[in-house]
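Below are the chains, spelled out letter by letter.
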Amino acid sequence: MAAATITKPHVLFVPRSAQGHINPALAFAKRLASEGINVTFIITTKLSKSAKISDCSSITIDYISDGSEEEVKEPKTIEAYYKRIKAVFSANLAEFIQRQKSTGSPAKLVIYDSTMPWVLDVAQEWGLLGAPFFTQSGAVSSIFYHLKQGSLKFPYEDSTVSLPALPTLQINDLPSLSKFMDSNQTILKLLADQFLNLDRAVWVFINTFDMLEKEVVEWMASRWPIKTVGPTFLLQQKYDKFSNQTISLFELKLDSYKEWLDSKEAGSVIYVSFGSTASLGKEQMEELAFGLIKSNCYFFWVVRSSEMDKLPHNFNSEKGLIVEWCNQPEVLAHRALACFISHCGWNSTLEALSYGVPLIAMAQWVDQNTNAKFIQDVWRVGVAIGVGENGIIGREEIAMCIAQVVGGERSIELKRNACKFKKLANEAVEYGGTSANNIQDFVSKLMS
Ligand code: UDX
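So, here's what we can say about the structure. (Residues numbered from 1 in each chain as written. Predicted model: local features only at pLDDT ≥ 70, side-chain atom pairs only at ≥ 80, totals over all residues. Heavy atoms only, no water.)

Side chains bearing opposite charge may pair, as long as their charged atoms lie close to each other. Per the stated rule, a full pass over the model turns up 16 salt bridges. Here Lys214 ties to Glu218 by a salt bridge, and the two come within 3.0 Å at their closest N and O atoms. Taken together, the residues span about one helical turn, with Lys214 and Glu218 both in helix H7 (residues 214-221) at a distance of 4 residues. According to the relative accessible area criterion, Lys214 is partly exposed, its value standing at 43%. What emerges from the salt-bridge pattern is a single network uniting Lys227, Asp441 and Lys445. (Salt bridge = Lys/Arg side-chain N within 4 Å of Asp/Glu carboxyl O. Helix = DSSP H or I, 4+ residues; strand = E, 2+ residues; numbered from the N terminus. Buried < 20%, exposed > 50% of the residue type's maximum accessible area, 1.4 Å probe, protein only.)

The following block contains the structure:
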């Protein structure tokens, strides 16, 4: 008698087309594949044309258009832009699901980026289950819930805010877009829509781990079927070390920086990066450049090609190395690192914590403000630099913060705390850890 063939459950994974969303989604998707799930990772046609894709053989990559690759007249408002993306993508996703139903392995579930809640509507319309994946922290997710529900009013009214399971937050700790030209705060409203239809989700995945955000995770879990699965980039390391670069919108030029880092003493280099989208003004870039020189430390600075012309004219320092892009987890894991000057994107925050690297927080927008608050006051793994009256952080302040974090009085406490979270993050993803167990539990339910 022929042995019965076991069909692997099939999951469609729909990430948002931005590096900070793709990275954690891809790591999670690959981990699911390594647990025996058949994963189709759906990226936009535009992304498929611009990104470099490698080492994704364990999953299937497929493409859907959201219309953004077509050269049409730009809609006048952000709302109109997203409305068009949503309409085109939803229609194409519906078609994709229909086509896919007639294959030998129809999908059961769609895991989608939580900032695209309409994907759940499409999935359910075609008889599939839906589960959002939050790429921001639990704390930030909870703040967006309160914004959506109206218990937190926008524009923010009070100077301090008390929300369940969160520390008291000042206005500056809350998600904001004041530094951007989004005067109606449309993007914040769209982000609050992550909670539009969450009661219909069968699971809610968050890229965090229980010991990092225990209280707020518990609070959320009392309302929704929460599953913490982070730090997702660590989930993959066992199979695929430093896998962050496998769908990359940026080119990793000659990685001779490894030699440079290898030549430095342990704990002697400041790593500086503002992620994939944040953009500093020219004056701020200059202050940062001279602050780094003033610190007299070695520094390794990622300046994306679009930002290069903001560096001071002929900027050059024998103690500094500037690159356009790097494999960030690999750099953070290097013994030469002393601290990380970061915009506090959620991935960068998790990556720094996972390698025990203290932070200097220079938050720019949205969730980064809240992440900076937690870095400084809750986890106590870094210092946050507040902007001066003119909206600029001066070179003196930058050099002073570096001195505090590298070798200053607080440096030992910060490093100790960072190392504590490194241990906890690794425990969460290892066999028997909370994130690993949550994934196991999800996989076995999906299999049954
Ligand atoms: C954004 C938001 O800031 C973040 O908080 C949100 O939840 C997701 O999207 P981004 O601003 O790009 O992302 O920052 P971050 O979240 O830190 O993600 C950047 C990613 O790019 C990280 O995974 C980092 O490892 C990677 N990176 C960055 C590199 O691989 N190389 C670099 O040189 C710089």
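A sheet is described by the order of its strands in space; here 7 strands give the open sequence S4-S2-S1-S5-S6-S9-S10, paired in parallel fashion. For this open sheet the edge positions go to strand S4 (60-64) and strand S10 (226-228), each flanked by a neighbour on one side alone. If you compare each strand with its neighbour and ignore which way they point, the axes differ by 25 degrees on average. Of the strand pairs in this sheet, strand S1 (residues 10-14) and strand S5 (residues 109-113) are connected by 4 bridges, and their pairing is parallel. Looking at the pairing, Phe13 lines up with Ile111 of S5. (Pairing = 2+ DSSP bridges. Axes fitted to C-alpha atoms, helices over the stretch in contact; angles between N-to-C directions.)

A few words now on the nonpolar core. Formed by 130 residues in total, the largest nonpolar core has its most connected members in Phe300 and Trp301. When near neighbours in sequence (up to four residues on either side) are disregarded, Trp301 contacts Val272, Met285, Leu288, Ala289, Leu292, Leu311, Phe315, Leu321, Ile322 and Val323. Ala107, Tyr112, Trp118 and Val119 belong to the second-largest nonpolar core, a separate cluster that totals 19 residues. (Core = buried A, V, L, I, M, F, W, Y, C linked by side-chain atoms within 4.5 Å. Contact = heavy atoms within 4.5 Å.)

Among the 11 residues of helix H13 (residues 368-378), 8 are classified as buried, and the element is accordingly described as predominantly covered. Taken residue by residue, H13 has Gln368, Asn369, Thr370, Asn371, Ala372, Lys373, Phe374 and Ile375 as its buried positions. Contacts made by the buried residues of H13 are with helix H5 (138-149), strand S8 (169-170), helix H12 (346-354), strand S16 (359-361) and strand S17 (382-384).

Relative to each other, H5 and H7 sit at 45 degrees, their axes nearing to 9 Å. Taken together, H5 and H7 sit at an angle that is classed as oblique. Of the two elements, H5 crosses H7, and the hand of that crossing is left-handed. Where H5 abuts H7, its residues Gly138, Ala139, Ser141, Ser142, Tyr145 and His146 lie against Val216, Trp219 and Met220. Looking at the contact of H5 with H7 residue by residue, the classes come out as 5 nonpolar, 4 polar and no charged. (Parallel < 35°, antiparallel > 145°, perpendicular 65-115°, else oblique. Left-handed = near helix turned anticlockwise from the far one by under 90°. Nonpolar A, V, L, I, M, F, W, Y, C, P; charged D, E, K, R; others polar.)

Attention shifts here to helix H15 (residues 411-429). The end-to-end C-alpha distance of H15, which contains 19 residues, comes to 27 Å, matching closely the 27 Å that a straight helix rising 1.5 Å per residue would cover. Buried within H15 we find Ser411, Leu414, Asn417, Ala418, Phe421, Leu424, Ala425, Ala428 and Val429. Down the axis of H15, the buried side of the element spans an arc of 155 degrees, and every buried residue falls inside it. Opposite the buried face of H15, at more than 90 degrees from it, the exposed residues are Ile412, Arg416 and Lys423. Buried residues in H15 make contact with helix H1 (19-34), helix H8 (232-237), H12, S17, helix H14 (395-405) and helix H16 (434-447). (Expected span 1.5 Å × (residues − 1). Arc of directions from axis to C-beta.)

Next up on the list: the sheet that holds strand S13 (residues 298-302). On the basis of which strands lie adjacent, the open sheet formed by 6 strands has the order S14-S13-S12-S15-S16-S17 and parallel pairing. For this open sheet the edge positions go to strand S14 (320-323) and S17, each flanked by a neighbour on one side alone. Across the sheet, the mean angle from the axis of one strand to that of its neighbour is 15 degrees, orientation sign disregarded. Relative to S17, S16 runs parallel, the two being bridged by 3 bridges. Residue Leu359 lies in a different strand from S17, and its bridge partner there is Gly382. H14 rests against strand S12 (269-273), strand S15 (337-342), S16 and S17 of the sheet, and its axis sits at about 155 degrees to S16.

Before going further, it helps to examine the site of the ligand. The immediate surroundings of the ligand are formed by 24 residues, with Ser276, Cys326, Ser348, Glu351 and Asp367 found nearest. A distance of 3.5 Å is found between an oxygen atom of the ligand and a side-chain nitrogen or oxygen belonging to Gln328. Measuring from an oxygen atom of the ligand, one finds a side-chain N or O atom of Glu351 at 2.6 Å. When the ligand is considered free in solution it has 660 Å² of accessible area, and contact with the protein chains removes 95% of it. (Near = heavy atom within 4 Å. Polar contact = N/O pair within 3.5 Å; in protein donor to acceptor, adjacent residues only side chain to side chain. Areas by Shrake-Rupley, 256 points an atom, 1.4 Å probe, with all protein chains shown as cover.)

A few words on the packing of aromatic side chains. Counting across every chain of the model gives 28 aromatic pairs. Considering the side-chain rings of Phe134 and Phe195, the 5.6 Å spacing of their centres and the 45 degrees angle between planes classify their relative orientation as tilted. Placement of Phe134 in strand S6 (residues 129-134) and of Phe195 in the loop between helix H6 (186-192) and strand S9 (204-206) is noted, with a sequence separation of 61 residues between them. The exposure class of Phe134 is buried, given its relative accessible area of 0%. Put simply, the rings of Phe13, Phe28, Phe41, Phe133, Trp203, Phe205 and Phe442 touch in pairs and so form one group of aromatic residues. (Phe/Tyr/Trp six-rings, centres within 6.5 Å; stacked < 30°, edge-to-face > 60°.)

Attention now moves to the environment of Lys422. If you trace the backbone, Lys422 turns up in helix H15. It is 29 Å that separates the C-alpha atoms of Lys422 and Ile171, two residues lying 251 residues apart in sequence. For Lys422, the contacting residues outside a window of four places in its chain are Leu353, Ser354, Tyr355 and Gly356.

Mapping His21 onto the fold places it in helix H1. Separated by 2.7 Å, the side chains of His21 and Asp113 make a polar contact. Beyond its immediate stretch of four places on either side in the chain, His21 contacts Arg16, Asp113, Thr115 and Thr135.

Most of strand S2 (residues 38-44) sits inside the fold, with 6 of its 7 residues counted as buried. Examined bridge by bridge, S1 and S2 share 4 bridges and lie parallel to one another. Within S2, the position partnered with Phe13 by the bridge is Phe41. Note on the crossover from S1 through H1 to S2: the handedness is right-handed. (Right-handed = clockwise from strand over helix to strand, strands pointing away.)

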